[in-house]
Amino acid sequence: MANFFDQLLNVDGRRLKQIEKKIKPVLALADQYSAMSDEQLQAETPRLKQKLAEGATLDDILPEAFATAREACKRVIGEYPYPVQLMGAAVMQGGDIAEMKTGEGKTLTSVMAVYLNALEGKGVHVITVNEYLSERDSQWMGQIHRFLGLTVGLNKRSMSPAQKRAAYACDITYTTNSELGFDYLRDNMVTRAQDRVLRGLNFALVDEVDSILIDESRTPLIISGGMKQTANLYLQADRFVKSLKEQKMEDDKVIEPGEYEIDVKGRTVQLTERGVAKAEKVFRIDNLYNLEHTQLLHRINQALKANYIMAKDVDYVADTANDEIDIVDPNTGRLMKGREWSDGLHQAVCAKEGISIRQETTVLATITYQNFFRLYNKLAGMTGTAKTEEEEFREIYNMLVYEIPTNKPVIRKDYPDAVYGTKKAKFEALVNEVIERHEKGQPVLVGTIAVETSELISGMLKEKHIPHEVLNAKNNAREAEIIAKAGQKNAVTIATNMAGRGTDIKLGEGVRELGGLCVLGSERHESRRIDNQLRGRSGRQGDPGESRFYVSVQDDLMVRFGSERLESLFKSLGDEAVESKTITNAISSAQKRVEGVNFDARKTLLQYDDVLRQQREVMYDQRNFILDNEDVHSIIQQMFSRVISDTVGAYVDPESRSGELHIPELLEALNKLGFRDLITEADLKGKTAEEASALINDRAWKNYDEKIDPVRPQIRQFEREMSLKVIDRAWVNHIDTMSKLRDGIGLRSYAQDNPLQAYVSEGYQLFQNMMHDIAQEIVAYCMNLKVVVRQPDTKQA
């Protein structure tokens, strides 16, 4: 039995052995390829392409392709990929995730997998978390690919459609996840086939795969347009909630009555009975929960959230100079320029901070990252931290996580967390350790979760006259310069999570002897991966280093998910630090609980979006057919048949065994569609529904076909444009309706209904109704179309 479990638990080891086996032939080819001239090495690209054309698979040519790219790396940038990097590349070629520790050269690892897949000529997308990294990698790694005869493109937000089209037409395209997603949505809104920029979704290699496919997947991509005049409603709601008093609770008992109540663990806020009564008095209404006051209640709830849950310099930065609110990415600490919270929350935060309120917009197109990336034929990724989320990667993306060994052993010392009873004691101890390390010359990186915390620690160091740099969302323009100096002697750097990804801190002279870079975390993040990213800034490529996290039981993570027992324990201990396994386990347990809650949230979002995904695929397929075909006359003929069949079916007498028709009502409905004078009561007498449908269809189609005959060549363009306009307008309204249905569906659980099942069945019915309405509108357009043939002017001689 023990052996069985040993084998079971050693699955990872067996998987790695298979990868090692895969790269042995690559290592065996090293001498042969290093003996080649540049011209011979470059000739490998057309030769390998030819092998693929003759039926070889990518795995068949993997050893030669990897050996070619590996040798090119050495010649072009002077770096020769290690065997462990070849292992990482082989994992990615298999459509899985390579977890490689910081400093192990993930960017260089990607070159082999990218080169191999680019040989197919179907396009490879290398996806990074920001444009700085896309630009850097397209130049740095791009020179290797160009040397080997492949084309490399860079896709940026500021580019024109023509520039984007050229970038996507390359063998390899470097881009960010958000810009790629928006390009996909925009491509499905164009009215001419030649305006699309993408050329299919073949292979995506995602850098920092956990950040993009997990952290960012809670936020769907949304393209908005049109304006709703709602600014005053937000200002009124904001004024109202600012006049309210908080209800204080202790042990589930009210100790101080108030008008709103905050649930710290759930990060929610709601009106109490007193608050509801005050709202009804202020807004002069009888019942706040009446259907007609839904919009007002929604605005009040968003204003409550903006004022009492969303924190300035934590969740967002108020940029008064540019009169805008910038969202702070909770996982990277970077500003998400141009992004807005949906559902009116952004407008509510603007009202709170006195920023001009941009009008709310209608959702024109939307997709989640999960569903977008699942459109690719093959998806692979690399990161320093993914193992903790392997279950989610496997369940949602069908990807395994392989932990690739380091090239040199990690010798960094990770000390146990120092835990304090209060935030004040924690920050004082943290600052004292910074001073102590600084005095001996060791560089220190202090990691914080929020802009606010980085500024607080900066203020404390200023009082102690310790020179330091601050890297957060407010001064990210100097990021490269600050990071370049962070590993030098005496350097003290305070950084938000921005310093956690895509940054490589190199040690200055004499720093190794002082113990390397010391990383101090000011609190634990909700996700263990983010903590590991911060730790990983130190101890790269066998360098020495140290790390420690400073935690207090008053930190948000512990307040929301920690145990109340811990707080009472610390009250008796005072301000002394505690290092104990019980407390470290409690912290890990809190993080696991948050990760579980977040996984459930992402899973639920995906389940709801799957309903829209199926509908989106049907709509986009229909749009693409119209765009790609000059003649859509046959589609319109199908719509005639469907509309007439549905209309006739609606007027069959349900009590009649023979299926008699309600002829007067049917004729009235047909007249509204534009079928005037085509059918009489006598024509339909004694006919079954099928016979009536066939007769009406023949006459209606013949009438339309003859009407357009004189202008048939010109009518093709009209039919295409008219169909697209009707489809697009209906789809936008449908997305808006589905969004409202999704917002309110949770209330069904109070009626013992399953909200997801209700959403699926009602969403299906709404979609069927929309498809019927589209067909009906297009048929009505065609039947009411007036064709005027202008005779050419004839001048008498």
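So, how was this worked out
As a convention, each chain's residues are numbered from 1 in the sequence order in which they are written. Residues qualify for local features only when their pLDDT is at least 70, as the model is predicted, and side-chain atom pairs are given and counted only at 80 or more; totals for whole chains, interfaces and linings, by contrast, use all residues. Each side-chain value is worked out from all heavy atoms of the structure, with water and hydrogens disregarded. UniProt positions are given in the numbering used here, feature names are shortened, and annotations may be inferred rather than shown by experiment. The method works on a 1 Å grid over the protein atoms by themselves. A cavity is a set of points holding a 1.4 Å probe that cannot get out, a pocket is an open set with protein on both sides within 12 Å along at least five of seven lines, and residues with an atom within 4 Å of a point line them. Grid points are joined across faces, edges and corners, and a volume is the space filled by probe spheres set on the points. Helix and strand assignments follow DSSP, with helices taken as H or I runs no shorter than four residues and strands as E runs no shorter than two, numbered in order from the N terminus. When a residue's accessible area, from a 1.4 Å probe over protein chains only, is under 20% of the maximum for its type it is buried; when over 50% it is exposed; and in between it is partly exposed. Residue contacts are defined here by distance: any two heavy atoms, one from each residue, within 4.5 Å place the two residues in contact. Two strands are said to pair when DSSP picks up at least two bridges between them. Throughout, an axis means a line fitted to C-alpha atoms (over the contacting stretch in the case of helices), and angles, computed between N-to-C directions, take values from 0 to 180 degrees. Salt bridges are defined by distance alone: a side-chain nitrogen of Lys or Arg within 4 Å of a carboxyl oxygen of Asp or Glu.

- Per an unreviewed UniProt entry, the chain goes by Protein translocase subunit SecA and derives from Stecheria intestinalis.
- As recorded by UniProt, the Sequence similarities (unreviewed entry) comment attached to the chain reads in full: "Belongs to the SecA family."
- In its Catalytic activity (unreviewed entry) section, the UniProt entry covering the chain states "ATP + H2O + cellular proteinSide 1 = ADP + phosphate + cellular proteinSide 2."

### Section: empty space enclosed by the protein
In step 1: Counting across every chain of the model gives 4 cavities of 30 Å³ or more.
In step 2: Empty space within the second largest cavity amounts to approximately 70 Å³.
In step 3: Every residue along the wall of the second largest cavity is listed here: Asp323, Glu324, Ile325, Glu340, His346, Gln347, Cys350, Ile355, Ser356 and Arg358.
In step 4: For the lining of the second largest cavity, the elements supplying multiple residues, two or more each, are strand E12 (324–328) and helix H17 (345–353).
In step 5: Ranked by residue count, the leading element in the lining of the second largest cavity is H17, at 3 residues.

### Side note on the UniProt feature "binding site: ATP" (unreviewed entry) in the chain
In step 1: The feature "binding site: ATP" (unreviewed entry), as given by UniProt, occupies Gln85, Gly103, Glu104, Gly105, Lys106, Thr107 and Asp504 in the numbering adopted here.
In step 2: When you line up the elements, threonine 107 lands in helix H8 (residues 106–118).
In step 3: On the basis of relative accessibility, which here comes to 13%, the residue threonine 107 falls in the buried class.
In step 4: Dropping the residues within four chain positions of it, threonine 107 is found in contact with Arg136, Asp137, Trp140, Met141 and Met382.
In step 5: Its place among the elements puts aspartate 504 in the loop between strand E21 (492–495) and strand E22 (517–521).
In step 6: Residues in contact with aspartate 504, not counting those within four places in the same chain, are Ile483, Arg537 and Arg540.

### A word on the sheet that holds E12
In step 1: Across the sheet, 3 strands lie side by side as E11-E12-E13; this open sheet has antiparallel pairing. Looking at strand neighbours, the two that pair on one side only are strand E11 (316–319) and strand E13 (335–336), the edges of this open sheet.
In step 2: Pairing geometry for E12 and E13, over 2 bridges, is antiparallel. Residue pairing in the sheet places isoleucine 327 in a bridge with methionine 336 of E13.
In step 3: Lying on the sheet, H17 is in contact with E11 and E12; it crosses E12 at an angle near 120 degrees.

### Some details on the pattern of salt bridges
In step 1: The final tally for this structure, using the stated rule, is 43 salt bridges.
In step 2: The shortest N-O distance in the salt bridge between glutamate 179 and arginine 186 comes to 2.8 Å.
In step 3: Ionic pairing is found between aspartate 543 and arginine 540, a salt bridge with its closest N-O pair at 3.9 Å. Taken individually, aspartate 543 and arginine 540 each receive the classification buried, so the pair is uniform in this respect.
In step 4: Shared partners join several salt bridges into a network, and the residues in it are Asp38, Glu71, Lys74 and Arg75.

### A look at the pairing of E12
In step 1: In terms of burial, E12 is a largely internal element, 5 of the 5 residues being buried.
In step 2: Side chains Glu324, Asp326 and Val328 of E12 all project onto a buried face; the interleaved residues Ile325 and Ile327 project onto the opposite face, where all are buried too.
In step 3: The antiparallel hairpin formed by E11 and E12 contains 4 residues in its connecting segment, where aspartate 323 sits at a positive phi of about 55 degrees.

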